[in-house]
Amino acid sequence: VSFLILLALFCFACFLNIAVATAVSREGKRRYFSKIIPVPAGTQLMAKLFMGLSVDMAAVLVTAVTVCALMPGLWMQVLLAAIATIPFAVLSCALALLLDVYFPRLNWRNETEAVKRNLNGVYAMFGTMALLGLLVAGFFGLLALGLHEILSILLILVLLILVDILLIKWLLGKASMVYLLQEKFA
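Just so it is clear, the structure is predicted and the values come from calculations on it, not from any experiment. (Residues numbered from 1 in each chain as written. Predicted model: local features only at pLDDT ≥ 70, side-chain atom pairs only at ≥ 80, totals over all residues. Heavy atoms only, no water.)

J.: What exactly am I supposed to notice about the overall build of the protein chain here?
T.: What the protein chain contains, in helices and strands, is 8 helices and 0 strands. Each principal axis of the C-alpha distribution contributes one length, and for the protein chain these read about 55 × 35 × 30 Å. For the protein chain, the proportion of its 186 residues judged to be buried stands at 42%. Long-range contacts, defined here as pairs at least 24 residues apart, represent 84% of the contacts in the protein chain between residues at least 6 apart. Summed over all atoms, the accessible surface of the protein chain reaches about 10100 Å², with 78% contributed by carbon and sulfur. (Helix = DSSP H or I, 4+ residues; strand = E, 2+ residues; numbered from the N terminus. Buried < 20%, exposed > 50% of the residue type's maximum accessible area, 1.4 Å probe, protein only. Contact = heavy atoms within 4.5 Å. Areas by Shrake-Rupley, 256 points an atom, 1.4 Å probe, with all protein chains shown as cover.)

Here's what the structure looks like:
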């Protein structure tokens, strides 16, 4: 039970990250620069994805260190829960980035406005919370079907990894073309 609580806590820490949900929008007036640098659009999107993941993992690390300091006997469960959070973090970051690729807010006066007045951040935060709720419901649904707790967790993690792979393929494929062809409209 403590593993599940830790896992939910670490996934909740990913909820706070809106950096990746505004990564494309923050380019705004400098959007032309992304088109002229000799790096493929897919590589640029992966850099944005990894930036978001680094923020998520920093939040998970701070939370894990705090939990270990308060309850040192749980260090192994903390470590396993932190590792199990990675597929969820990839999923939430990839979905937030896709949202900003397809619906960026490129017209702004300063970067603060690009972040604070961008609904993509709000949609990403609430979407991450809804996704976490869906995963919790799926876990209890699998338990109700008679699956063991560990098997249920592993099944959900495998499903998350498969969805992550599909989302990354989408980012490297169609989404990178949309990103490349996007124009800033005044």
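J.: Is there a simple way to explain the side chain of Gln-44 in this structure?
T.: With respect to the helices, strands and loops of the structure, Gln-44 is situated in helix α3 (residues 41–70). The exposure class assigned to Gln-44 is buried, which follows from its relative accessible area of 11%. Looking at Gln-44, its side chain comes within polar contact range of the side chain of Tyr-179, at 3.2 Å. (Polar contact = N/O pair within 3.5 Å; in protein donor to acceptor, adjacent residues only side chain to side chain.)

J.: In this structure, what is going on with the packing of helix α6 (residues 119–144) against helix α7 (residues 149–172)? I would like to understand it.
T.: Any two packed helices are characterised by the angle at which their axes cross and by the distance between the axes. The contact between α6 and α7 brings their axes to 9 Å, and the two run at 135°. For the element pair α6 / α7, the angle class is oblique. The hand of the α6/α7 crossing is right-handed. Between α6, through Leu-135, Gly-138, Phe-139, Leu-142 and Leu-143, and α7, the contact on the second element is made entirely by Glu-149, Ser-152, Ile-153, Leu-155, Ile-156 and Leu-160. Across the contact of α6 with α7, the residue classes break down as 8 nonpolar, 2 polar and 1 charged. (Axes fitted to C-alpha atoms, helices over the stretch in contact; angles between N-to-C directions. Parallel < 35°, antiparallel > 145°, perpendicular 65-115°, else oblique. Left-handed = near helix turned anticlockwise from the far one by under 90°. Nonpolar A, V, L, I, M, F, W, Y, C, P; charged D, E, K, R; others polar.)

J.: Which parts of the structure should I look at to understand helix α1 (residues 2–15)?
T.: Over its 14 residues, α1 runs 20 Å from end to end, which matches the ideal 20 Å to within 8%, given 1.5 Å per residue. Along α1, the positions that sit buried rather than exposed are Phe-3, Leu-6, Leu-7, Phe-10, Cys-11, Ala-13, Cys-14 and Phe-15. Check the buried side of α1 and you find it contacts α3, α4 (75–102), α6 and α7. (Expected span 1.5 Å × (residues − 1).)

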